[in-house]
Amino acid sequence: MIIHCQTALIDGVPVRSVRLHVDPSGSIARIEPGVAPGEGDLRLGMVLPGAGNAHSHAFHRVLRGRTHDGGGDFWRWRERMYAAAARLDPALYHDLARAVFGEMLAAGYTAVAEFHYVHHRPDGTAYDPAHAMERALAEAAADTGIRLTLLDTCYLAGGIGAPLTPAQLRFGDGTAAGWLRRWHALRDALGPSVVLGAAVHSVRAVTPEDIGAIVAGLPDDVPLHVHLSEQPQENADCLAAYGRTPTQVLADAGALAPRLSAVHATHLTADDVRMLGDAGVTAVFCPTTEADLGDGIGPARELADAGARIALGSDQNAVVDPFLEVRGLEAGERLASGRRGRFSTVELAAALADNGYAACGLTGGIRVGAPCDLVELDAATVRTVGAEPAQLVLAATASDVRRVIVGGRLRAAAGVLRGRDGGAGVDPAALLAAALRPFDTSEED
Ligand code: ZN
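Residues numbered from 1 in each chain as written. Predicted model: local features only at pLDDT ≥ 70, side-chain atom pairs only at ≥ 80, totals over all residues. Heavy atoms only, no water.

1. Brief notes about the environment of A185
- Within the element layout of this structure, A185 appears in helix α4 (residues 176–189).
- Given a relative accessible area of 35%, A185 falls into the partly exposed group.
- Considering only alpha carbons, one finds A185 and T245, 60 residues apart in sequence, at a separation of 33 Å. (Helix = DSSP H or I, 4+ residues; strand = E, 2+ residues; numbered from the N terminus. Buried < 20%, exposed > 50% of the residue type's maximum accessible area, 1.4 Å probe, protein only.)

Okay, here's the thing in structure tokens:
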């Protein structure tokens, strides 16, 4: 098939009248700029490459609009998040993830790295049949059409030197060896439709020795993610226990490499920034979540200058809008530095697409060999009309997304999902309403 874009944002630069030839596998085989549409082309208007959501916890969506009042801090929010996790079972997890992935797809995210740690029954015993929670996520992604990189997460401790609490039992696998065994079995069980990645929850939840064992026990090409220095308390605990920053612990464990995505990277020393940059890691910023939880503003510009890639994630999914994340990244930089234009529009476009995809272990952007994943923006709404195409990433919101293409196939249009067979549309809001209902009889604290 052939797709014609009135304007396509290629490497962050608007190019007029572009024909994209899509091969049977759904990848871009050829790019012809400056040519008129042919008969039978699927004709799109203003087109961006699909955004890669480099950090998500789908089930945190339950907390949207229910935890933003009343004060407290990250740690109080975490208690409420655990209460939601306690109620999940494979069926609820599937329905919730399908709805959240649907919301993402309609918003312009065409790939997601799901940081998943609710592996087992509430008492910590394995599901039978095995991998029920992981399969629930994989099916949810297949139902919507979003590309899933499933980051199966190792979560062994409730804090440095502390056992898992009762609420955390279902996250655990006992030992790093136990987690690795399950990871390899999961890889054998899942089909090729899912990219299976891995994650270490944080230095709070996995010891330096176990991080080393995990790095050594995983194949080299597997994307590896970790929460890094989101809160000052994590740094203080890590320094007290190990005499090193969390970044130094990761470095000593051999984890710093281009395949690593360091999520948040908020409270870093100059040495941390240098080590992360030298290793060419991806730093995943989650600006709407970091603002909501009062985490702080991380050193994104410094990390990029040091050699790190910058990607974006929706994290708790209180906001699912790639444009608000990218704007939050730049806004945080401006607020902290007193300067405008800290990231160029080319860099911001790369954070949305190329770097988000790289964090998922995929090739992003509009380029030959990349999957044909596209987002059409309405450039004539009240928000976007009059904007220069290159600056749309700083003007549009998810409400301006029209058609969303994954692998050359139309998967959403005007906020409505097309489903596996391209049949009748499904509104993600209706999916969410149904998926959230079981959480309504709630655990008010
Ligand atoms: Zn997270």
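Still more ground to cover, so stick around.
2. What about empty space enclosed by the protein?
- Applying the stated criterion across every chain, the model contains two cavities of 30 Å³ or more.
- If one sorts the elements of the lining of the largest cavity by residue count, helix α1 (residues 74–86) sits on top with five residues.
- Of the residues contributing to the lining of the largest cavity, the split by class is seven nonpolar, seven polar and four charged.
- The wall of the second largest cavity is formed by P49, G50, Y357, T363, G364, G365, A370, P371 and D373. (1 Å grid on protein atoms, 1.4 Å probe; cavity = no way out; pocket = protein on both sides within 12 Å on 5 of 7 lines; lining within 4 Å. Points joined across faces, edges and corners; volume = space filled by probe spheres on them. Nonpolar A, V, L, I, M, F, W, Y, C, P; charged D, E, K, R; others polar.)

3. With respect to the coordination of the zinc ion
- Protein coordination of the zinc ion is provided by H55 (NE2), H57 (NE2) and H227 (NE2), with donor distances spanning 2.0 to 2.2 Å.
- Here the donor residues for the zinc ion map to a single chain with the spacing H-x1-H-x169-H. You can see H55 sitting in strand β5 (residues 51–56) and its partner H227 sitting in strand β9 (residues 224–228), a full 172 residues away along the chain.
- In this structure H55 comes out as buried when scored by relative accessible area, which is 0%.
- Here H227 falls in the buried class, since its relative accessible area comes to 6%. (Donors = N, O, S within 2.8 Å, 3.2 Å for Na, K, Ca; no water.)

4. Quick notes on helix α5 (residues 208–217)
- Buried within α5 are the following residues: P208, I211, I214 and V215. Down the axis, α5 shows its buried residues gathered within 120° of arc, on one side only. Residues of α5 that are exposed and angled more than 90 degrees away from the buried face: E209 and A216.
- Structurally, α5 contributes buried residues whose contacts are with β7 (147–154), α4, β8 (195–200), β9, α6 (232–242) and α7 (246–252). (Arc of directions from axis to C-beta. Contact = heavy atoms within 4.5 Å.)

Scope: geometric values only; no functional claims are made or implied.
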